Amino acid sequence: MRTLFIGCVLTVGVTVVALAGCGGSGKPSAAELQTQRQATLYQIEQIEKTFHEAATTHNVNMMMTLFAPGAVFNLGTETYTGLAQIRKFFATKNKAFFPQNHWVADTPSFRIKTTINGDKGTLYFECDFIDTKTNRLMAAIGVDHQVQKIDGKWLIVDSSAAPTSLTVKA
């Protein structure tokens, strides 16, 4: 019985030492850092998905969940500052949100670019708005966002958009 007890104590001791060695340095491994980076990039890229879902469904409230309270949105020579002005733009001026327009908003995945630096980053994508009745391209807009993690959520803090041209290769 004594041998069994000593064997159990030794097993527990070896397990504790082994587990202490697993996380004792406090520094994440290269694999852990890469996983964290990929998770952060994924979170930022969800902004693009929500942006296009909001535009496609004419959901201004959903669109507004993407912007920080003091966000700035530039479109050409127009600047909208703060949530109230940005909301008014989407609700009254952005044709994708007009109820008579039945457009699908999408981005080819190869036109999405994301960077991160701590709790700040960038997100670029192009919005292609296609009329569901005619299958015509109604607009193509390039949008460059500065994003920041605020209270645990990635939000747009500064955004610039401008028409872009699509190039078709024969």
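Residues numbered from 1 in each chain as written. Predicted model: local features only at pLDDT ≥ 70, side-chain atom pairs only at ≥ 80, totals over all residues. Heavy atoms only, no water.

**Student:** Which residues make up the pattern of salt bridges, and what are the values?
**Tutor:** A full pass over the atoms with the stated rule returns 2 salt bridges. The closest approach of N and O atoms between Glu48 and Lys49, which form a salt bridge, is 4.0 Å. You can call Glu48 buried: its relative accessible area is 5%. Its salt-bridge partner being Glu126, residue Arg111 comes within 3.2 Å of it at the nearest N-O pair. Of the two residues, Arg111 is situated in the loop between strand 3 (103–106) and strand 4 (113–117) and Glu126 in strand 5 (residues 120–131); the sequence distance between them amounts to 15 residues. (Salt bridge = Lys/Arg side-chain N within 4 Å of Asp/Glu carboxyl O. Buried < 20%, exposed > 50% of the residue type's maximum accessible area, 1.4 Å probe, protein only. Helix = DSSP H or I, 4+ residues; strand = E, 2+ residues; numbered from the N terminus.)

**Student:** Explain helix 2 (residues 30–56) to me, using residue names and the numbers behind them.
**Tutor:** In this model helix 2 runs 39 Å from its N-terminal to its C-terminal C-alpha over 27 residues, within 8% of the 39 Å that 1.5 Å per residue would give. Looking only at helix 2, the buried set comprises Thr40, Leu41, Ile44, Ile47, Glu48, Phe51, His52, Ala54 and Ala55. Following helix 2 by one or two positions, His58 has its phi on the positive side, about 60°. (Expected span 1.5 Å × (residues − 1).)

**Student:** Pulling in residues and values, what's your account of the side chain of Asn101?
**Tutor:** If you trace the backbone, Asn101 turns up in the loop between helix 4 (82–92) and strand 3. A polar side-chain atom of Asn101 sits 2.8 Å from the main-chain carbonyl oxygen of Lys95. Setting aside residues no more than four positions away along its own chain, Asn101 makes contact with His58 and Lys95. (Polar contact = N/O pair within 3.5 Å; in protein donor to acceptor, adjacent residues only side chain to side chain. Contact = heavy atoms within 4.5 Å.)

**Student:** So what about the confidence of the model for the chain? Which residues, and what values?
**Tutor:** Predicted confidence across the chain gives a mean pLDDT of 86, with 82% of residues reaching 70 or more. Confidence drops under pLDDT 50 across residues 1–21; counting only partners more than four residues distant or on other chains, this segment forms 0 contacts. (pLDDT = per-residue confidence, 0-100.)

**Student:** I'd love a proper account of the packing of aromatic side chains, names of residues and values included.
**Tutor:** For the structure on display, the rule yields 10 aromatic pairs. On the basis of an interplanar angle of 40° and a centroid distance of 5.4 Å, the ring pair of Phe73 and Phe89 is categorised as tilted. With Phe73 in strand 1 (residues 67–75) and Phe89 in helix 4, this pair connects stretches of sequence that are 16 residues apart. The pair formed by Phe73 and Phe89 is uniform in burial state, with each residue classed as buried. Among the aromatic residues, those joined into a ring-pair cluster are Phe51, Phe67, Phe73, Tyr80, Phe89, Phe90, Phe97 and Phe125. (Phe/Tyr/Trp six-rings, centres within 6.5 Å; stacked < 30°, edge-to-face > 60°.)

**Student:** How would you summarise the nonpolar core if you had to cite specific residues and measurements?
**Tutor:** Core analysis: the largest hydrophobic core is formed by 31 residues, its most contacted members being Met63, Phe67, Phe73, Ile86, Phe90 and Phe129. Mapped onto this core, the elements with two or more residues apiece are helix 2, helix 3 (60–64), strand 1, helix 4, strand 3, strand 5, strand 6 (137–150) and strand 7 (153–163). When residues of this core are assigned to their parent elements, the largest contribution, 5 residues, is made by helix 2. In this structure, Ile86 is in contact with Met64, Phe67, Ala71, Val72, Phe73 and Tyr80, ignoring residues within four places of it in sequence. (Core = buried A, V, L, I, M, F, W, Y, C linked by side-chain atoms within 4.5 Å.)

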